[in-house]
Amino acid sequence: MSMEASPASGATKQHAVTLPWSLLVAGSIVGIWIVLALFAPLVAPFDPTAVDIANALKGPSAAHWFGTDQVGRDVLSRVIHGARIDLLMCLAGVLPPLLIGTTVGLLSGYYGGTVDTLLMRLYDLTAAFPFFVLVLAIVGVLGPGLINFFIALAVVGWVTYARLVRAEVMAIRDSEYVQAAQCLGYSDRVVLLRHVLPNAFGPVVAYAVSDAVLVMLAGASFGFLGMGAQPPLAEWGVMISDGSRYIRQAWWICTFPGLAAISLGLGLAFLGDGLGQLRRGQVSA
Amino acid sequence: MQTILRRIIQLIFVLAGICIVTFLLVHMVPGDPARVIAGDRASPETIEAIRQRFGLDQPLWQQFMTYAGNVFAGDIGQSMRYKRPVVALIGQYIWPTLFLTGYVVCLAVPPSIALAIASARRPGSLADQLIRFIGIAGMAIPVFWLGIMMSRFFGVGLGWFPVSGYGKTFADHLHHLFLPALSTAIWMVPVLVQSLRAALIEKASADFVVAARAQGAGEREIFWRTVLPNAILPTLNLFGVLVAFLIGGTIIVETVYAVPGLGTLMVNSLLARDYQVVQGLTLMFAVTTVVVTFLVDLLSAAIDPRARV
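Residues numbered from 1 in each chain as written. Chains lettered and ligands numbered in written order. Predicted model: local features only at pLDDT ≥ 70, side-chain atom pairs only at ≥ 80, totals over all residues. Heavy atoms only, no water.

1. Some details on the overall build of chain A
Okay, so step 1: In terms of helices and strands, chain A carries ten helices and zero strands.
Okay, so step 2: Along the chain direction, N to C, the helices and strands of chain A fall in the order α-α-α-α-α-α-α-α-α-α.
Okay, so step 3: Taking the intrachain contacts of chain A between residues at least 6 apart in sequence as the baseline, contacts between residues at least 24 apart amount to 72%.
Okay, so step 4: Total accessible area on chain A stands at roughly 12600 Å², and carbon and sulfur atoms take up 68% of it.
Okay, so step 5: Averaging the locations of the 15 positively and 16 negatively charged side chains of chain A gives two centres separated by 1 Å. (Helix = DSSP H or I, 4+ residues; strand = E, 2+ residues; numbered from the N terminus. Contact = heavy atoms within 4.5 Å. Areas by Shrake-Rupley, 256 points an atom, 1.4 Å probe, with all protein chains shown as cover. Lys, Arg positive; Asp, Glu negative; His and termini not counted. Charge placed at Lys NZ, Arg CZ, Asp CG, Glu CD.)

Given below as C-alpha cells:
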C-alpha cells in the first residue's frame, strides 16, 4: 500500500503484472507435490522400504535416478514417499493451531473482557519462549515422535493465530455491516460466523500458508535431530540425517531430500506471499 | 516513565509465567517423576530417597514454590548425566554459543542493511524484486541441510575449514565457527532484510517525508537524512525478534557442526532424557529473550520521545 508514495511510480503496475505469475508457479509446485504424495505408490519406481544390500550406496543411474542409500533403498522412491509425511506434517502442524486459535481469537476479539485480557497475557508468555526451543522441549519431554510434535505445535502455535484473528475481529467489530446485522436482531452466533469470520479469515489463510513452510522445516529439523519422525519412515529430515553419515562416499542420499524440501518450501513460501499480496491489493483497490 | 513502570510489571509477570511453564515441563514427562530422575535401573529405595529429597511427595503448588525459590536463588537444577549443577554446565557450554551468536550478527547485519537499503531505495525496481525474491526463497532453505552441504563442500571437499569443534585460540574460533556462522547468517539475512525493507518503505510514505519534499528537499537527501534515521527504531526492535531466531538457529547448526555449545547440550540432554538440564536451558533461553526484548524497549524509549509518554 505504501509503495505508491515512493519515488518509483511504476511500482504498483509492475507488481500487478508479476503477481499472478509467481502465484501460478508456486501453486503448481505445491500442486505437483500433492499429486506425487497422493499417488506415491503408483509414481515411485521402487518400494521405499525394500532393502537391497547388493546395491547399497550406488550413485545415480538409469535404474536409480537419485541413487541408493546405505542399505540399497531407492532414494527417488523414498523422496516421493517422503512427500506424504512432510505434507502431512504441514497439514497436521497447521490445522489444529489454526482452528483453536481462530475460535479463541474470534470470541476474544468480539466479546473482549477477562478472556481477552487472559489471552493477551498468554500471548506475552508464549512469545517469551523462542518457538523452536519450546517445541523442542515439549517434544523431548513427551518423547520423540510425530504425534508429540503435532501436540507441541498445537500447544505453542494457536496463540499466534488467536492474536491475528483477534486484531482483525476488533477492527471489524464496530464496522457498519456488523452493526447492521446486530440491529436486524441476528444472534451473536450468526453475526460471528456469517459476518465477522469471513472478513477476518483472509489474513489467517495467508499466514497459515507461510506457517506451513515453518512447520515443514521444523518437522524436517526434528526428524534430523531424531526427535520427529522415526528412522524407518521415509521423511526428508530423517533421510538427510541418515545420509549425512555417508556424505563422503554418497552425496546423493542427503542432497535430494534437501532439494525436495527446498522446492516444497519455495512453493509454499511464494504461495503465502502471493496470497498476502493479493489480499492487500484487494483492500487498497 | 509510566510506560517503563508498566513494562517492568509486565516483565515480572512474564518471568513468573516462564517459571511456571518450565516447572510444568518436567511434570509433563509421562510416568513417575522420581523414577524419571533416578533412571530406569534405580532400586525402589533410591526412588523413595529421591522422592523425599526433591520433595516430590508434596503437593504440586508446594513443589512449585520450592522450584521458584531455587530459581530465584540461582539454582536451576542438577544434571543427572554429568552429576553437576545445571548452572555450572551452562557456564561451561555458553562460550562457543556466545561466540557463534556474535559471529552471526557480524556476518548477517551489514549485508542485511545494505540489501534492505538497496531494495527500499526504489521499491518495485528489478533490484528490489530480486532481493524480495531471495528474501522469500531464503526462508525455504532447511538450515541443517545447508550446513551439511557446506561442510561437505568447503570442509571435506576443499579442506578450507574444519567441519567440527571449536578450537583453542581466538583465531581458531574464527576459523572453526566460520561455516556454522555463515549457515546461520544465510538463513537469517532474508528475515532481517524483509523486516527492514518494510520499515524503510513505511517511513518513506510518512507525513514528515511529504513535508520534507514540500519544503524542496531532494530525493537523495530525503532518503539519507529523513527516512533512514527514522528506520533506526524498527531496526532496533528487530533485535528482539532476532534473539529468538538466533537461539533456535544455533541449536540446529551447533548439532550439525558438533560445536560444544548450549544447542548441542540441549539436544544431547533431550536424547539422554536429562530433563533438569532441558528445563534449565529452556528457562535460560526464555529469560534471555525476554530480557533482550525489554532492553530493546528501554533503548527505544531513550531514543524515541514518543515511546516515553
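2. What to know about the UniProt feature "domain: ABC transmembrane type-1" (unreviewed entry) in chain A
Okay, so step 1: Under the feature "domain: ABC transmembrane type-1" (unreviewed entry), the UniProt entry names residues 83–272 of chain A.
Okay, so step 2: Secondary structure content for residues 83–272 of chain A is 85% helix and 0% strand, and the end C-alpha separation is 19 Å. (UniProt positions renumbered as here; feature names shortened; annotations may be inferred.)

3. With respect to the packing of aromatic side chains
Okay, so step 1: A complete count under the given rule lists 17 aromatic pairs over all chains for this structure.
Okay, so step 2: Relative to Y67(B), the ring of F23(B) lies with its centre 5.7 Å away and its plane at 35 degrees, an arrangement referred to as tilted. You can see F23(B) sitting in helix 1 (residues 2–27) and its partner Y67(B) sitting in helix 4 (residues 60–72), a full 44 residues away along the chain. Grouping residues by exposure puts F23(B) and Y67(B) together as buried.
Okay, so step 3: Within the aromatic cluster, the residues linked to one another by ring pairs are F66(A), W251(A), W252(A) and F256(A). (Phe/Tyr/Trp six-rings, centres within 6.5 Å; stacked < 30°, edge-to-face > 60°. Buried < 20%, exposed > 50% of the residue type's maximum accessible area, 1.4 Å probe, protein only.)

4. What to know about the UniProt feature "transmembrane region" (unreviewed entry) in chain A
Okay, so step 1: Annotation from UniProt places "transmembrane region" (unreviewed entry) at residues 20–44, 87–111, 131–161, 204–229 and 249–271 of chain A.
Okay, so step 2: A helix fraction of 90% and a strand fraction of 0% characterise residues 131–161 of chain A, whose end C-alpha atoms lie 14 Å from each other.

5. With respect to the side chain of T102(A)
All names here are of chain A.
Okay, so step 1: By secondary structure assignment, the location of T102 is in helix 3 (residues 75–111).
Okay, so step 2: For T102, a relative accessible area of 7% corresponds to the buried category.
Okay, so step 3: When neighbours within four sequence positions are excluded, T102 is seen to be in contact with P97, Y161, V165, L197, F201 and V204.

6. Remarks on the interface of chain A and chain B
Reports often express the size of an interface as the amount of accessible area lost when the parts come together.
Okay, so step 1: Taken together, the contact pairs 51 residues of chain A with 52 residues of chain B.
Okay, so step 2: The largest per-residue losses of area from chain A upon contact with chain B belong to F129(A), V133(A) and V141(A), which jointly make up 13% of the total buried on that side.
Okay, so step 3: Between R132(B) and D273(A) there is a salt bridge, and its shortest N-O distance comes to 2.8 Å.
Okay, so step 4: On inspection of chain A and its partner chain B, the count reaches four residue pairs in polar contact (both at pLDDT 80 or more). (Buried area = accessible area lost by both parts, 1.4 Å probe. Salt bridge = Lys/Arg side-chain N within 4 Å of Asp/Glu carboxyl O. Polar contact = N/O pair within 3.5 Å; in protein donor to acceptor, adjacent residues only side chain to side chain.)

7. Details of the pattern of salt bridges
All names here are of chain A.
Okay, so step 1: In the structure shown here, the tally under the stated rule is eight salt bridges over all chains.
Okay, so step 2: When the shortest N-O distance is used, the salt bridge between D69 and R73 registers 2.9 Å.
Okay, so step 3: Linking R245 and D242 is a salt bridge whose minimum nitrogen-to-oxygen distance equals 3.9 Å.
Okay, so step 4: On the accessibility criterion, R245 (59% relative accessible area) is exposed.
Okay, so step 5: You can call D242 buried: its relative accessible area is 10%.

8. Describing the nonpolar core
Okay, so step 1: F149(A) and W236(A) are the most contacted members of the largest nonpolar core, which has 158 residues in total.
Okay, so step 2: Setting aside its immediate chain neighbours within four residues, W236(A) contacts W33(A), V79(A), G82(A), A83(A), D86(A), M216(A), P257(A), A260(A), A261(A) and L264(A). (Core = buried A, V, L, I, M, F, W, Y, C linked by side-chain atoms within 4.5 Å.)

9. Section: the packing of helix 10 (residues 207–214) of chain B against helix 11 (residues 219–230) of chain B
All names here are of chain B.
Okay, so step 1: Relative to each other, helix 10 and helix 11 sit at 155 degrees, their axes nearing to 10 Å. Classified by the interaxial angle, the pair formed by helix 10 and helix 11 is roughly antiparallel. By crossing handedness, the relation of helix 10 to helix 11 is classed as right-handed. On helix 11, the residues touching F208, V209, A212 and R213 of helix 10 are E219, I222, T226, V227 and N230.
Okay, so step 2: Residue classes in the contact of helix 10 with helix 11 are distributed as five nonpolar, two polar and two charged. (Axes fitted to C-alpha atoms, helices over the stretch in contact; angles between N-to-C directions. Parallel < 35°, antiparallel > 145°, perpendicular 65-115°, else oblique. Left-handed = near helix turned anticlockwise from the far one by under 90°. Nonpolar A, V, L, I, M, F, W, Y, C, P; charged D, E, K, R; others polar.)

10. Examining the side chain of D116(A)
All names here are of chain A.
Okay, so step 1: By the secondary structure assignment, D116 is in helix 4 (residues 113–128).
Okay, so step 2: Here D116 falls in the buried class, since its relative accessible area comes to 11%.
Okay, so step 3: Not counting chain neighbours up to four residues away, the residues in contact with D116 comprise S108 and R166.

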